[in-house]
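So the chains spell out like this:
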Amino acid sequence: MWRPFPWFRNTSFKRKLFVYSLVISLLPVVLTGTVLARMAAAAIQDEVNQNQQSILQEMQRQVDSFWAGLDKASIQLANHRALEQAVKLGPSGKYLDEMQELADTIQKQRSISEFQYDVSIIFLKFGKVYSSKHGFIELNEFAYRNIIDRIPPHFRSEIVAPDTYPGQNELLYLRPVPIFSDTQGSGILVLHIQKDKLADFAAHVPLGGNRKLYVFDEKGVVLISRASEEIGTRPALFAGGGLPRYYSSEPAETDIGGETYQLAFRQSDYTRWTHVAMTPKKELTRQADRIQVTTFGIVLLLAAFWVLIARFGSTRMYSPVQHLLQRLLPPSRENSHDGTGNEWHVLDAYVTGMLQTNEQLSRQLSEQSPYLKETIVHQLLRGEMNSNEAERVQQTFGFQLRGSRYAVCLIDIDDYARFQQLYLDKDRSLIMFALRKMTEEVFEERFSCASGITMPGQMALIVGLEKGEAALENLLLTAQKFLDTSAKYFQITITITCSHPVLTYRDINDAYREARDLLGYRLLYGPGKLLTPEQVMPAENQLASDIIKREKQIVTAVMQGKADEGAELLREWVRDMPQFVRHFHAVLGLFAHLIGELVLYMQELELAPYEVFGEDPYKRLYEMTTMNEVAEWLAGTVFPSIAERLALAHTGKQQRITADVIRYIHSHFDTDLSLQQLADRLRVSPSQLSRTFKEETGMNFIDYLIRFRMDKAKEWLAHTEMPIKDIAERLSYTSVQNFTRVFKQHEQLPPGEYRKRFRGD
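Residues numbered from 1 in each chain as written. Predicted model: local features only at pLDDT ≥ 70, side-chain atom pairs only at ≥ 80, totals over all residues. Heavy atoms only, no water.

## Digging into the overall build of the protein
Consideration 1: Looking only at helices and strands, the protein features 28 helices and 16 strands.
Consideration 2: Evaluated residue by residue, the protein yields a buried proportion of 43% over its 761 residues.
Consideration 3: Considering only intrachain contacts with a sequence separation of at least 6, the fraction spanning at least 24 residues in the protein is 61%.
Consideration 4: Looking at the protein as shown, the accessible area adds up to about 41800 Å², and 52% of this sits on carbon and sulfur atoms. (Helix = DSSP H or I, 4+ residues; strand = E, 2+ residues; numbered from the N terminus. Buried < 20%, exposed > 50% of the residue type's maximum accessible area, 1.4 Å probe, protein only. Contact = heavy atoms within 4.5 Å. Areas by Shrake-Rupley, 256 points an atom, 1.4 Å probe, with all protein chains shown as cover.)

## A short note on the sheet that holds strand 10 (residues 259-267)
Consideration 1: Within the open sheet, the five strands sit side by side as 8-7-11-10-9. Their pairing is antiparallel. Of all strands in the sheet, those bounded by a partner on one side alone are strand 8 (222-225) and strand 9 (252-256). With direction set aside, neighbouring strand axes in the sheet form an average angle of 30°.
Consideration 2: Note: strand 9 against strand 10, five bridges, orientation antiparallel. The partner of Ile256 across the bridge, within strand 10, is Glu259.
Consideration 3: Relative to strand 8, helix 6 (residues 195-204) is tilted by about 55°, and along the sheet it contacts strand 7 (212-216) and strand 8. (Pairing = 2+ DSSP bridges. Axes fitted to C-alpha atoms, helices over the stretch in contact; angles between N-to-C directions.)

## Brief notes about the nonpolar core
Proteins that are soluble and globular tend to have nonpolar side chains buried together.
Consideration 1: Among the nonpolar cores identified, the biggest contains 44 residues, and Ile121 and Leu189 are the most heavily contacted of them.
Consideration 2: In terms of residue count, the dominant contributor to this core is helix 2 (residues 13-78) (nine residues).
Consideration 3: One finds Met559, Leu594, Leu598 and Val638 within the second-largest nonpolar core, a separate group that totals 36 residues. (Core = buried A, V, L, I, M, F, W, Y, C linked by side-chain atoms within 4.5 Å.)

## Focus: the sheet that holds strand 14 (residues 458-465)
In any sheet, the strands associate via hydrogen bonds between backbone groups, in a parallel or an antiparallel arrangement.
Consideration 1: Taken in spatial order, the five strands line up as 13-14-12-15-16 in an open sheet, and their pairing is mixed. Both edges of this open sheet fall to strand 13 (448-455) and strand 16 (530-531), since each of them pairs with a single strand only.
Consideration 2: Across the face of the sheet, helix 14 (residues 469-489) comes into contact with strand 12 (405-413), strand 14, strand 15 (494-498) and strand 16 while running at roughly 175° to strand 15.

## Comments concerning the packing of helix 25 (residues 701-719) against helix 28 (residues 751-759)
Consideration 1: Relative to each other, helix 25 and helix 28 sit at 55°, their axes nearing to 9 Å. Classed by the angle they form, the pair helix 25 and helix 28 counts as oblique. Handedness of the crossing formed by helix 25 with helix 28: right-handed. Contacts between helix 25 and helix 28 involve Lys714, Trp716, Leu717, Ala718 and His719 from the first element and Pro751, Tyr754, Arg755, Phe758 and Arg759 from the second.
Consideration 2: Here the residues of the contact of helix 25 with helix 28 sort into six nonpolar, one polar and three charged. (Parallel < 35°, antiparallel > 145°, perpendicular 65-115°, else oblique. Left-handed = near helix turned anticlockwise from the far one by under 90°. Nonpolar A, V, L, I, M, F, W, Y, C, P; charged D, E, K, R; others polar.)

## With respect to the confidence of the model for the protein
Consideration 1: On average, residues of the protein carry a pLDDT of 77, and 78% of them reach 70 or more.
Consideration 2: With pLDDT under 50 throughout, residues 537-542 is counted as low confidence; its partners more than four residues away or in other chains account for six contacts. (pLDDT = per-residue confidence, 0-100.)

## Some points on the packing of aromatic side chains
Consideration 1: As enumerated under the stated definition, the model contains 16 aromatic pairs in all.
Consideration 2: Plain terms: the ring middles of Phe669 and Trp716 are 6.1 Å apart, the flat faces sit at 45° to each other, and that makes the pair tilted. With Phe669 in the loop between helix 22 (627-668) and helix 23 (675-682) and Trp716 in helix 25, the pair connects residues that are 47 residues apart, well separated along the chain. Like Trp716, Phe669 is buried.
Consideration 3: Between the aromatic rings of Phe693 and Phe701, the centroid separation amounts to 6.2 Å while the plane-to-plane angle is 75°, which identifies the pairing as edge-to-face.
Consideration 4: With a relative accessible area of 1%, Phe693 lands in the buried category.
Consideration 5: When its relative accessible area of 7% is taken as the criterion, Phe701 is described as buried. (Phe/Tyr/Trp six-rings, centres within 6.5 Å; stacked < 30°, edge-to-face > 60°.)

## Quick notes on the pattern of salt bridges
Consideration 1: Per the stated rule, a full pass over the model turns up 13 salt bridges.
Consideration 2: Between Glu101 and Arg81 there is a salt bridge; the shortest N-O distance is 2.7 Å. Within this pair, whereas Glu101 is found in helix 4 (residues 96-112), its partner Arg81 is found in helix 3 (residues 81-89), the two being separated by 20 residues in sequence.
Consideration 3: Note on Glu101: relative accessible area 29%, which makes it partly exposed. (Salt bridge = Lys/Arg side-chain N within 4 Å of Asp/Glu carboxyl O.)

## Let's talk about helix 23
The periodicity of an α-helix, 3.6 residues per turn, causes residues three or four positions apart to be oriented the same way.
Consideration 1: Along helix 23, the positions that sit buried rather than exposed are Gln676, Leu678 and Ala679. The arc enclosing the buried residues of helix 23, seen along the axis, measures out at 165°, which places them on a common side.
Consideration 2: Just beyond helix 23, the residue with positive phi is Arg683, at close to 60°. (Arc of directions from axis to C-beta.)

## Topic: the packing of helix 25 against helix 27 (residues 736-747)
When two helices pack together, their arrangement is given by the angle between their axes and by how far apart the axes lie.
Consideration 1: In the contact formed by helix 25 and helix 27, the axes pass within 11 Å of each other and the chain directions differ by 95°. By the angle between their axes, helix 25 is roughly perpendicular relative to helix 27. On the side of helix 25, the interface is formed by Ile706, Arg707, Met710, Ala713, Lys714 and Leu717, while helix 27 contributes Phe739, Val742, Phe743, His746 and Glu747.
Consideration 2: When the residues that make up the contact of helix 25 with helix 27 are grouped by side-chain class, the tally is seven nonpolar, one polar and three charged.

## A word on the pairing of strand 13
Note on strand geometry: in a regular strand, side chains alternate between the two faces of the sheet.
Consideration 1: A large share of strand 13 lies buried, amounting to six of its eight residues.
Consideration 2: Following strand 13, the chain reverses through two residues before pairing antiparallel with strand 14; Gly457 in that reversal takes a positive phi of roughly 80°.

## Examining helix 3
Consideration 1: Listing the buried residues of helix 3 in full gives Ala82, Leu83, Ala86 and Val87. Down the axis of helix 3, the buried set is contained in an arc of 120°. They therefore lie on one face. In helix 3, the exposed positions angled more than 90 degrees off the buried face are occupied by Arg81 and Lys88.
Consideration 2: Looking at the residues trailing helix 3, positive phi occurs at Gly90, about 90°.

## Section: unusual backbone geometry
Consideration 1: Put simply, Val177 and Pro178 share a cis peptide bond, and its omega is -5°.
Consideration 2: Mapped onto the fold, Pro178 is located in the loop between strand 5 (170-177) and strand 6 (187-194).
Consideration 3: In this structure, Ser732 takes a positive phi of about 65° despite not being glycine.
Consideration 4: Counting through the fold element by element, Ser732 comes out in the loop between helix 26 (724-730) and helix 27.
Consideration 5: The class of Ser732 is buried, set by a relative accessible area of 18%.
Consideration 6: The residue Gln748 is not glycine, and still its phi comes out positive at about 65°.

## Points about the environment of Tyr618
Consideration 1: Within the secondary structure layout, Tyr618 lies in helix 21 (residues 617-623).
Consideration 2: By relative accessible area, Tyr618 is classed as partly exposed at 30%.
Consideration 3: Spatially, the C-alpha atom of Tyr618 lies 9.5 Å from that of Leu588, the residues being 30 residues apart in sequence.
Consideration 4: Among residues more than four places away in sequence, those in contact with Tyr618 are Ala592, Ile595 and Gly596.

## Quick look at the side chain of Asp118
Consideration 1: Mapped onto the elements, Asp118 comes out in strand 1 (residues 118-123).
Consideration 2: Side chain to side chain, Asp118 and Arg110 meet in a polar contact 3.3 Å long. (Polar contact = N/O pair within 3.5 Å; in protein donor to acceptor, adjacent residues only side chain to side chain.)

## Here's the deal with a nonpolar patch on the surface
Consideration 1: On the surface, Ile298, Leu302, Phe305, Trp306 and Ile309 cluster together to form a nonpolar patch covering roughly 440 Å² of accessible area.
Consideration 2: Its location among the elements puts Trp306 in helix 8 (residues 286-328).
Consideration 3: According to the relative accessible area criterion, Trp306 is partly exposed, its value standing at 30%. (Patch = residues over 30% accessible without salt bridge, like charges linked within 9 Å, V, L, I, M, F, W, Y side chains within 5 Å.)

## Here's the deal with the side chain of Asp414
Consideration 1: Its location among the elements puts Asp414 in the loop between strand 12 and helix 12 (416-422).
Consideration 2: Among the polar contacts listed, one links the side chain of Asp414 to the side chain of Thr495, at a separation of 2.7 Å.

Right, here's the structure in full:
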């Protein structure tokens, strides 16, 4: 809105605040004063208009009374017996008495009339005229002989305006004598009213001020006016359309001699004449103008007062802005914005940068929240978090397990090898996601819990429990409900193990190990069961637990590349197995389970099991007849082959992952890159990716990314004219300040100084 005023757009915020305050304070005063002045003026003007109509009405009443008297006088004379007898007998010496009576009657009627007029009696049959002014004269000597010839026969009355005919300076009122006759009358009564008499009548009408009075007949001829020279004329004011174009309920205006007049009209129902009052507009609006001037004077005084208030208020309101500028900006920058109008833009840019940074951090935290929560779960399961760290995590990330005790439940897919054969990688991921969502929905109805994937096909659930056996019973009922629900929707069987409750976060690791050990009893109790410590007989539990524990130790050693250690543990396991298992098929089942665990781990590490075991390791197992034969095959062939492939795969995979990460950084350095994003892309955990990248490059992921971005920034600063702001945006920095701070940390000087030094400016 300020484009036409560039000086205002570029002025300081303090001055803008003063202008805004002034506008806000003055606008109501000016508007209110203007409205009130106009309302008062309009009210006074309405009163003036009504007064003018009252005056016009009084004028009409007097004119109607004047003409009614004149009409009455003409009727009385025309209907008088003496006049009828005189015009019938004619002017002759034989009828002196009748002629004298005629003269006496006319004189008597003139003497009692309120208006002065002359009377003429035209003897049509005798060619004579009797005039109260000239006596008896010949008709040919009568001044208005031509008017008589134009009067139609059988007329009732006729009004001839002044100046209708040459030399006519009177208003003539004609009536036949006698009035009531079916034949042509014997004479005509003519009343003569001089122009100056009509002007005198108009002058006595109480108009007030400098108003002008006009009475027009139906033809627009002036019959009555204060100026005798205007009587009998057709004013140019009403030319080209006549009076009807002015007929309206609202007053009309016109200019005469450079002065504006307001016209008020009124038409008489008695004479059908139009009465017009013309009043100078300045007289009508004098009082309203005086009120407006007074009102605007008061408004100016109030405006001056509000200017002082706005000046004081804008100074006080600007103080917080100035204080913020002093606190948020260094003195050099804060002073550089004085008088430029950019103070608010600087604050806005600062706050916007903070909001964008906060929004970005919140978005990143929200995106990382599931991974952070799962990392916390893994730390709790591994016993890597004490009570103080747990409290810090609760405050920072909102991770909290409500309850005074904690239990660990493991949800494990039975026969994971078959599960892999049935479903592709994408389908397996979807099934695991659905299984996890179902777990959370079922358990979170009653408990506070957190889940995490501990290994392929297995999920751990940490459950917060209240005191008492009822809470533990509810947990087991909920776990059984989950088993029943999953059996309806999935074509796989699931085993759930639940540990004893523990009291602290640090003890969760013990509960996890207990739940993990309980999975070994699946060999004894079969798939799709809920396993708890109370379900197993003490003696058998101890034997089975020892067998499964030692089997897991063998698998762990082999999959860590320790073939010799795994072979030694295997020989001890085989040596002690007859103490626990007496049936040959049970022994084959244990070996089959061991091979299955090895195959499962190899598949997770993307190793080819058939290169180690052959096409069908189970067929080869069942072809062997002794445990020692199986042990030698595993310890002498399988374990070393696995260790060799693990070593090769570890090195090759690390190099491949690192190369992929570097290529991706070089191609997408101008986007919001994160370690989690690359980990998801490469299907590894963030911690594994970070460790692999540092082992191969000697640098952390974030340090390498920043170093590459800074190299790009130096290249653009040295060889292009790209503004520093655009460089910061292309390198995905939220603000120029953040980019400058990072660049200065790496190069020991700001970007602008680096560009100058490189170019030798």
